[in-house]
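So you can see what is in the structure, the chains are spelled out below.
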Amino acid sequence: MKKRIAIFASGSGSNAQKIMEHFKRSNDAEVALILTNNPDAYVLQRADNFEVPSHIFDRKEFYETDKIVQLLKNLNIDLVVLAGFLWLVPQPLLKAFPNKIINIHPSLLPKYGGKGMYGEKVHQAVLADGEQESGITIHFVNEAFDEGEIIHQSKFKIEKGDDLEMIKFKVQQLEHQHFPKVIEALLKKMKSL
Ligand code: GRF
């Protein structure tokens, strides 16, 4: 049986797209569901393009009901992937999928993580501090923002003259290159457990 992935995303979903592309022809895993808290998120269009079902939810449903846990269980989801999802994951969802929820963060954690550190704010802070390098972190999700065990990091050098756009671009390149492969490796590991 193929392993089943659910992806949570709040915005564009370029990472979700790369993951859907990667597993489209896989015999081992598939993206079974896209979930979003944002009815206008472009990730919904991307899901449609790949004929992957999607589910839109609001704050009340996410934090005050067990609907999402039930949905993920009913669909036999093996791995939950957060790709640009901005809400803290509630306890019941963490408990239902122990060590099976991962996130991607656009910095070298533990640097530039935590509440409010998302999107361009991360890169602005990296630039303001005059960092020589930045990168991406893929990590398990726990009850705190960006603090779960690190699974993978990749980095790049910040060259003189690199501006916000360039850092954003370099980060995105790394994310797209590594995230699907890290998910694949993780699923393989889970298989042998
Ligand atoms: C990525 O930079 C990811 O690291 C962060 O949110 C961004 C999502 O981008 N958590 P996209 O929606 O996948 O294009």
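Just above sits the structure.
Residues numbered from 1 in each chain as written. Predicted model: local features only at pLDDT ≥ 70, side-chain atom pairs only at ≥ 80, totals over all residues. Heavy atoms only, no water.

1. Structural notes on the overall build of the chain
Link 1 in the chain: Helix and strand content of the chain: 7 helices and 7 strands.
Link 2 in the chain: Reading the secondary structure of the chain in the N-to-C direction produces β-α-β-α-β-α-α-β-α-β-α-β-β-α.
Link 3 in the chain: Relative to the 2.2 N^0.38 estimate, which gives 16 Å for 193 residues, the radius of gyration of the chain is 16 Å and therefore close to what a compact globule would have.
Link 4 in the chain: Along the first, second and third principal axes, the C-alpha atoms of the chain reach 50 × 35 × 35 Å.
Link 5 in the chain: Within the chain, the proportion of its 193 residues that are buried is 51%.
Link 6 in the chain: Restricting the contact set of the chain to residue pairs at least 6 apart, pairs at least 24 apart contribute 67%.
Link 7 in the chain: Summed over its atoms, the accessible surface of the chain is roughly 10200 Å², and 50% of this surface lies on carbon and sulfur atoms.
Link 8 in the chain: Positive and negative side-chain charges of the chain, numbering 25 and 25 respectively, have mean locations separated by a distance of 4 Å. (Helix = DSSP H or I, 4+ residues; strand = E, 2+ residues; numbered from the N terminus. Rg over C-alpha atoms; globule rule 2.2 N^0.38 Å. Buried < 20%, exposed > 50% of the residue type's maximum accessible area, 1.4 Å probe, protein only. Contact = heavy atoms within 4.5 Å. Areas by Shrake-Rupley, 256 points an atom, 1.4 Å probe, with all protein chains shown as cover. Lys, Arg positive; Asp, Glu negative; His and termini not counted. Charge placed at Lys NZ, Arg CZ, Asp CG, Glu CD.)

2. Some words on the site of the ligand
Link 1 in the chain: The immediate surroundings of the ligand are formed by Ser12, Gly13, Ser14, Asn15, Gly84, Ile104, His105, Pro106 and Glu175.
Link 2 in the chain: Between the ligand and the protein, one listed contact pairs an oxygen atom with a side-chain N or O atom of Ser14 at 2.5 Å.
Link 3 in the chain: Coverage of the ligand by the protein chains reaches 80% of its 370 Å² of free accessible surface.
Link 4 in the chain: Secondary-structure elements contributing two or more residues to the shell around the ligand are helix 1 (14-24) and strand 5 (101-105).
Link 5 in the chain: Residue classes in the shell around the ligand are distributed as 2 nonpolar, 6 polar and 1 charged. (Near = heavy atom within 4 Å. Polar contact = N/O pair within 3.5 Å; in protein donor to acceptor, adjacent residues only side chain to side chain. Nonpolar A, V, L, I, M, F, W, Y, C, P; charged D, E, K, R; others polar.)

3. Structural notes on the sheet that holds strand 7 (residues 150-157)
Link 1 in the chain: If you trace the 7 strands from one edge of the open sheet to the other, you get 3-2-1-4-5-6-7, paired in mixed fashion. Single-partner strands in this sheet number two, and they are strand 3 (54-56) and strand 7. Neighbouring strand axes in the sheet, compared pairwise and without regard to direction, differ in orientation by 20° on average.
Link 2 in the chain: Where strand 1 (residues 3-8) meets strand 4 (residues 79-82), 4 bridges bridge the pair, whose relative direction is parallel. By the bridge assignment, Ile5 is partnered in strand 4 with Leu79.
Link 3 in the chain: Its contacts with the sheet put helix 4 (residues 67-74) on strand 1, strand 2 (29-36), strand 3 and strand 4, and the angle it makes with strand 2 is roughly 165°. (Pairing = 2+ DSSP bridges. Axes fitted to C-alpha atoms, helices over the stretch in contact; angles between N-to-C directions.)

4. Considerations on the nonpolar core
Among soluble globular proteins, nonpolar side chains are generally buried collectively.
Link 1 in the chain: Counting 38 residues, the largest nonpolar core has Ile7, Ile34, Val81, Ile102, Phe179 and Ile183 as its most contacted members.
Link 2 in the chain: Considering every element that reaches this core, the biggest residue donor is helix 7 (residues 164-191), with 9 residues.
Link 3 in the chain: Here Ile34 is in contact with Ile7, Ala16, Met20, Val43, Ala47, Val52, Pro53, Ser54 and His55, once residues within four sequence places are set aside.
Link 4 in the chain: Val69, Trp87, Ala96 and Phe97 belong to the second largest nonpolar core, which has 22 residues in total. (Core = buried A, V, L, I, M, F, W, Y, C linked by side-chain atoms within 4.5 Å.)

5. Thoughts on the pairing of strand 2
Link 1 in the chain: Counting buried residues in strand 2 gives 7 out of 8 residues, a clear majority hidden from the surface.
Link 2 in the chain: Bridge analysis of strand 1 against strand 2 gives 6 bridges, and the strand direction is parallel. Considered in strand 2, the bridge of Arg4 is made with Glu30.
Link 3 in the chain: Where strand 2 and strand 3 come together, 3 bridges link them in parallel fashion.

6. Concerning the environment of Glu21
Link 1 in the chain: Secondary-structure assignment places Glu21 in helix 1.
Link 2 in the chain: Classification of Glu21 by relative accessible area gives partly exposed; the value is 34%.
Link 3 in the chain: Along the primary structure Glu21 and Glu159 are separated by 138 residues, whereas in three dimensions their C-alpha atoms are 31 Å apart.

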